[in-house]
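Letter by letter, the chains look like this.
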Amino acid sequence: EKGIQYTKMHGAGNDFIIIDIIKQDKTPEIGWNEYAARVCQQKFGVGADGILVVESPTTSIGDAYMRVINSDGSQVDMCGNGLRCVALYIRDHYRPKHLDVQIDSAVGCLSATVIPPNDQQRLFNVKVMMNIPLFESEYIEELGQVVLLPDIDVEYAAVIVGVPHCVIFVQDVDKYPVEEVFSN
């Protein structure tokens, strides 16, 4: 595992360690789950929300395959902000003359468009085409349940956009004490 080259990127505040095994000729049997749990540690490792392993594409239209490993070592099928990072990485390293990139993932081949900087924005943006959100799944037993939090009840909906998310409904998000209520 020594000598693994990586690139650190972030998408909307989620930071990732990108490891390109196409260039490094590393095999996926490196023990990525344990590796992620070590190197993603903020104080003792590189520090990141997860690792994105860039592998050879699995479809005829894909430019690369993205494997997503969380900082605890668990693998998930997809990550939208990770997809944006991998799309920009692939564009920069493999398709510099192209703005459209196709990334294979556990949820299928997803499209991304790199938007170069201009007068209004000084950084690259990446627009991704996510799969249609699922409101029913074997991961979600009931929809519209009430979550019991200290001193409050909130109504929520569960949705899967690659990985499960919990959407909380409030009257006015600008006035709602989001950080106070959801600090854990």
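Everything discussed here concerns the structure shown above.
Cut-offs applied
- Residues numbered from 1 in each chain as written.
- Predicted model: local features only at pLDDT ≥ 70, side-chain atom pairs only at ≥ 80, totals over all residues.
- Heavy atoms only, no water.
- Helix = DSSP H or I, 4+ residues; strand = E, 2+ residues; numbered from the N terminus.
- Buried < 20%, exposed > 50% of the residue type's maximum accessible area, 1.4 Å probe, protein only.
- Contact = heavy atoms within 4.5 Å.
- Areas by Shrake-Rupley, 256 points an atom, 1.4 Å probe, with all protein chains shown as cover.
- Salt bridge = Lys/Arg side-chain N within 4 Å of Asp/Glu carboxyl O.
- Expected span 1.5 Å × (residues − 1).
- Phe/Tyr/Trp six-rings, centres within 6.5 Å; stacked < 30°, edge-to-face > 60°.
- Lys NZ or Arg CZ within 6 Å of the ring centre and 35° of its normal.
- Arc of directions from axis to C-beta.

Digging into the overall build of the protein chain
Along the protein chain, the regular secondary structure elements total four helices and 11 strands. The burial tally for the protein chain puts 35% of its 184 residues in the buried class. In the protein chain, 47% of the contacts between residues at least 6 apart in sequence involve partners at least 24 apart. Accessible area for the protein chain stands at about 11600 Å²; split by element, carbon and sulfur atoms hold 50% of it.

Some words on the pattern of salt bridges
Going through the model one piece at a time under the given rule, you end up with four salt bridges. The closest approach of N and O atoms between D63 and R95, which form a salt bridge, is 3.5 Å. You can see D63 sitting in the loop between strand 3 (50-55) and strand 4 (64-70) and its partner R95 sitting in the loop between helix 3 (80-93) and strand 6 (100-105), a full 32 residues away along the chain. Using a relative accessible area of 22% as the deciding quantity, one classes D63 as partly exposed.

Focus on unusual backbone geometry
A positive phi is found at A12, a non-glycine position, where the angle reads about 55 degrees. Within the fold, A12 resides in the loop between strand 1 (7-11) and strand 2 (14-20).

What about the environment of A112?
With respect to the helices, strands and loops of the structure, A112 is situated in strand 7 (residues 108-115). For A112, a relative accessible area of 2% gives the class buried. Remark: the alpha-carbon pair of A112 and R91, spanning 21 residues in sequence, is separated by 9.9 Å. Apart from the residues lying within four places of it in its own chain, the contact partners of A112 are A87, L99, D100, V101, V126, K127 and V128.

Here's the deal with helix 3
Taking 1.5 Å per residue as the helical rise, helix 3 with its 14 residues ought to reach 20 Å, and the 20 Å between its terminal C-alpha atoms agrees with that figure. A large share of helix 3 lies buried, amounting to 10 of its 14 residues. Where helix 3 is concerned, the buried positions are N81, G82, L83, C85, V86, A87, L88, Y89, I90 and R91.

Some remarks on the packing of aromatic side chains
The final tally for this structure, using the stated rule, is one aromatic pair. Ring centres of W32 and Y35 lie 5.8 Å apart, and the angle between their planes is 80 degrees; this geometry places the pair in the edge-to-face category. Separated by three residues within a single helix, W32 and Y35 lie in helix 2 (residues 32-39), roughly one turn from each other. The pair formed by W32 and Y35 is uniform in burial state, with each residue classed as buried. Taking NZ or CZ as reference, K23 lies 5.5 Å from the ring centre of Y94, over its face.

A short note on helix 2
For helix 2, the complete set of buried residues consists of W32, Y35, A36 and V39. Each buried residue of helix 2 lies within a common arc of 100 degrees when the element is viewed along its axis, so the set occupies one face. Buried residues in helix 2 make contact with strand 2, helix 1 (21-24), strand 3 and strand 4.

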